[in-house]
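Residue-level structural notes
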Amino acid sequence: MKDKIVILGAGESGVGAAILAVHQGFTVFVSDGSLIVNGRKEELSSRGISFEEGGNTENLILDASIVIKSPGVPETAPIVQEIKAHGIPVISEIEFAYRYKGDSKVVAITGTNGKTTTTTMTFKILEEAGYDVAMVGNIGFSFARQVAENPKKYYVAEISSFQLDDITSFRPDVSVLTNITEDHLDRYDHKFENYIAAKFNIIKYQTAEDVFIYNDDDEVTKQYLTHFINQVKALPISMRKKIPQGAFISDHEMHIKFKDEQINMSVDDFALKGKHNAYNSMAASLSSMAVGVKKPSIRTALSTMESLEHRMQFVATIGGIDFINDSKATNVNSTWYSLESMEKPVVLILGGVDKGNDYRILYDLVKEKVHAIVCMGIDNAKIHRNFEGMVNTIEDATSAEDAVKVTFRLANKGDVVLLSPACASFDLFKNYEDRGHQFINAVKNL
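Keep in mind the model is a prediction, meaning the values are calculated, not measured.

It is worth spelling out the sheet that holds strand S9 (residues 174-177) at this point. Picture the strands of a sheet paired through backbone hydrogen bonds; they go either parallel or antiparallel. Pairing in this open sheet of 9 strands is mixed, and the strands run S7-S8-S6-S9-S10-S11-S12-S13-S14 from one edge to the other. Of all strands in the sheet, those with a lone pairing partner are strand S7 (133-137) and strand S14 (261-266), marking the two edges. Sheet twist, expressed as the average angle between the axes of neighbouring strands with direction ignored, equals 15°. As defined by bridge partners, S9 adjoins strand S10 (residues 211-215) across 4 bridges and the pair is classed as parallel.

Next up, the structure:
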């Protein structure tokens, strides 16, 4: 029998790690400080995996040879501090899955904004090309579960900074860093530099044989690139200048160049519109070319891609008013990109759990495009302070249903009602998906 593995947290990541650990012959114990969802408990029990919920029992944890920490468990948690004080190695689920992936290739995508769309696009391109591929990480199944239950030749993984905090050998064949803006600073001692370093961990163990794709137009990435870059083959993407190796857009034409391969495609042929999706399309196309996908599959996938649920998702047109669900916009920068793509007057739904937001970057776009704001959160004072006098109307709402009714009253024919909250959702909703679904249902009930 192999050594004992303890897993902190019993969400998708933790349960996936537990399943893989059992597959690999380890003794496994799962400990969750909160209550475990019934479905997860059944998964653990059916596999004979021991677990506890509602607390962490030290003597059951501190005899582990290795601890796998779920992304939701902060470094500052007392049990994590105790584990480290005892010299027990702590790794993330993606690190654990990576160790057992065999010779499969990994495309790993991180960034503050755009990583879900870029991950999905990359997966769709590889799928279109007939690759044996799975989409894992923060989207789809956990990496570990996929490796354990349905291993593939290729994995396209959406990776958060929290998952990158605890890697010791994770080396993707292709890594993508979409951009870096201030987010999750409460987990990084309120120091932006700590969050930046976590994002750049994605290239930490890459070598000259690997590829790193980054946004050359992102000022933070460019500023810190020389500090973190290693021997990896770095390929930029840009909408501001021509790139000899990498990707750029000029005169509405996307140009992708990787080694001797090249593809040109009109931006007008992209199924997903907007400046942010142009960046996502470049990153996805370039990462796909880096693992050998040919031009026809890239063209077909980009021209037929459907928008993601909760990300600039068109819901309905009612009374000449378009309703768009962008609930996944949980930070200010993401909302900026959404507003930037709007071509009609906007009634904007903002609010939720503020993560230290600086709303100033939205000012110009709000002045230009927004005539009313509806605040959907428990504490909306900061939004009022920032936008009072900038728009005609600011009103409060305490539910998705209330917010939709208020926006419908404030909007005119030809307007867009945009749910792009720039905040986390945990004050009124379970998560951003719940917020988006409640918004959609409220629109359909108008």
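Structure shown, so let's carry the discussion forward.
Moving on, we get to the sheet that holds strand S2 (residues 27-32). Pairing is parallel in the open sheet, where 5 strands are placed in the order S3-S2-S1-S4-S5. Pairing within the sheet leaves two strands with one partner each, and these edge strands are strand S3 (50-53) and strand S5 (90-91).

Bringing the pattern of salt bridges into the picture now. Applying the stated criterion across every chain yields a total of 23 salt bridges. One salt bridge connects glutamate 75 with lysine 84, and the closest N-O pair in it is separated by 2.1 Å. Residue glutamate 75 is classed as partly exposed on the basis of its relative accessible area of 32%. Residue glutamate 149 is joined to arginine 145 by a salt bridge in which the shortest nitrogen-to-oxygen separation is 3.8 Å. Residue glutamate 149 and its partner arginine 145 are located together in helix H7 (residues 143-149), separated by 4 residues, close to a single helical turn. Residue classification places glutamate 149 among the partly exposed positions, given a relative accessible area of 38%. Accessibility expressed as a relative area gives 6% for arginine 145, which makes it buried. Residues joined in a network through salt bridges with shared partners are Glu12, Arg40, Glu43, Arg47, Arg145 and Glu149.

One way to see where empty space is left: roll a probe the size of a water molecule over the atoms. Across all of its chains, the model carries 1 cavity of 30 Å³ or more by this definition. Together, Asn113, Gly114, Thr118, Thr178, Asn179, Ile237, His276, Tyr279, Asn280, Ala283, Arg311 and Tyr337 line the largest cavity. With 4 residues, the single largest contributor to the lining of the largest cavity is helix H11 (residues 275-290). Split into classes, the residues belonging to the lining of the largest cavity amount to 4 nonpolar, 7 polar and 1 charged.

Summarising the element assignment, aspartate 396 is placed in strand S19 (residues 393-397). For aspartate 396, a relative accessible area of 42% translates into the label partly exposed. Once the C-alpha coordinates of aspartate 396 and histidine 384 are considered, the two residues, 12 residues apart in sequence, prove to be 9.4 Å apart. With near-sequence residues (within four places) excluded, aspartate 396 lies in contact with Cys375, Asn380, His384 and Asp402. Within the structure, aspartate 396 has its side chain in polar contact with the side chain of asparagine 380 (distance 3.1 Å). Only 2.9 Å separates the side chain of aspartate 396 from the side chain of histidine 384, close enough to count as a polar contact.

With that settled, the discussion passes to helix H10 (residues 219-228). Every buried residue of H10 is listed here: Val220, Thr221, Tyr224 and Leu225. With its buried residues spanning 140° around the axis, H10 presents them on a single face. Pointing more than 90 degrees away from the buried face of H10 are the exposed residues Glu219, Gln223 and Thr226. Elements that come into contact with the buried residues of H10 comprise S9, helix H9 (192-200) and S10.

Formed by 53 residues in total, the largest nonpolar core has its most connected members in Phe96, Phe143, Phe170 and Phe200. Filtering out sequence-adjacent residues up to four positions away, phenylalanine 170 remains in contact with Ile94, Glu95, Tyr98, Val106, Ala108, Phe143, Ile159, Leu164 and Tyr205. One finds Val133, Val267, Ala278 and Tyr279 within the second-largest nonpolar core, a separate group that totals 40 residues.

All right, on to unusual backbone geometry then. Glycine aside, the phi torsion of most residues is negative, and most peptide linkages are trans. Positioned with a positive phi, histidine 252 is a non-glycine residue whose angle comes to about 65°. As for its placement among the helices and strands, histidine 252 is situated in the loop between strand S12 (246-250) and strand S13 (253-258). The class for histidine 252 is exposed, based on a relative accessible area of 54%. Even without being glycine, lysine 259 reaches a positive phi, approximately 55°. By the element assignment, lysine 259 lies in the loop between S13 and S14. By relative accessible area, lysine 259 is classed as exposed at 58%.

Each value, and the rule that gives it
- Residues numbered from 1 in each chain as written.
- Predicted model: local features only at pLDDT ≥ 70, side-chain atom pairs only at ≥ 80, totals over all residues.
- Heavy atoms only, no water.
- Pairing = 2+ DSSP bridges.
- Helix = DSSP H or I, 4+ residues; strand = E, 2+ residues; numbered from the N terminus.
- Axes fitted to C-alpha atoms, helices over the stretch in contact; angles between N-to-C directions.
- Salt bridge = Lys/Arg side-chain N within 4 Å of Asp/Glu carboxyl O.
- Buried < 20%, exposed > 50% of the residue type's maximum accessible area, 1.4 Å probe, protein only.
- 1 Å grid on protein atoms, 1.4 Å probe; cavity = no way out; pocket = protein on both sides within 12 Å on 5 of 7 lines; lining within 4 Å.
- Points joined across faces, edges and corners; volume = space filled by probe spheres on them.
- Nonpolar A, V, L, I, M, F, W, Y, C, P; charged D, E, K, R; others polar.
- Contact = heavy atoms within 4.5 Å.
- Polar contact = N/O pair within 3.5 Å; in protein donor to acceptor, adjacent residues only side chain to side chain.
- Arc of directions from axis to C-beta.
- Core = buried A, V, L, I, M, F, W, Y, C linked by side-chain atoms within 4.5 Å.

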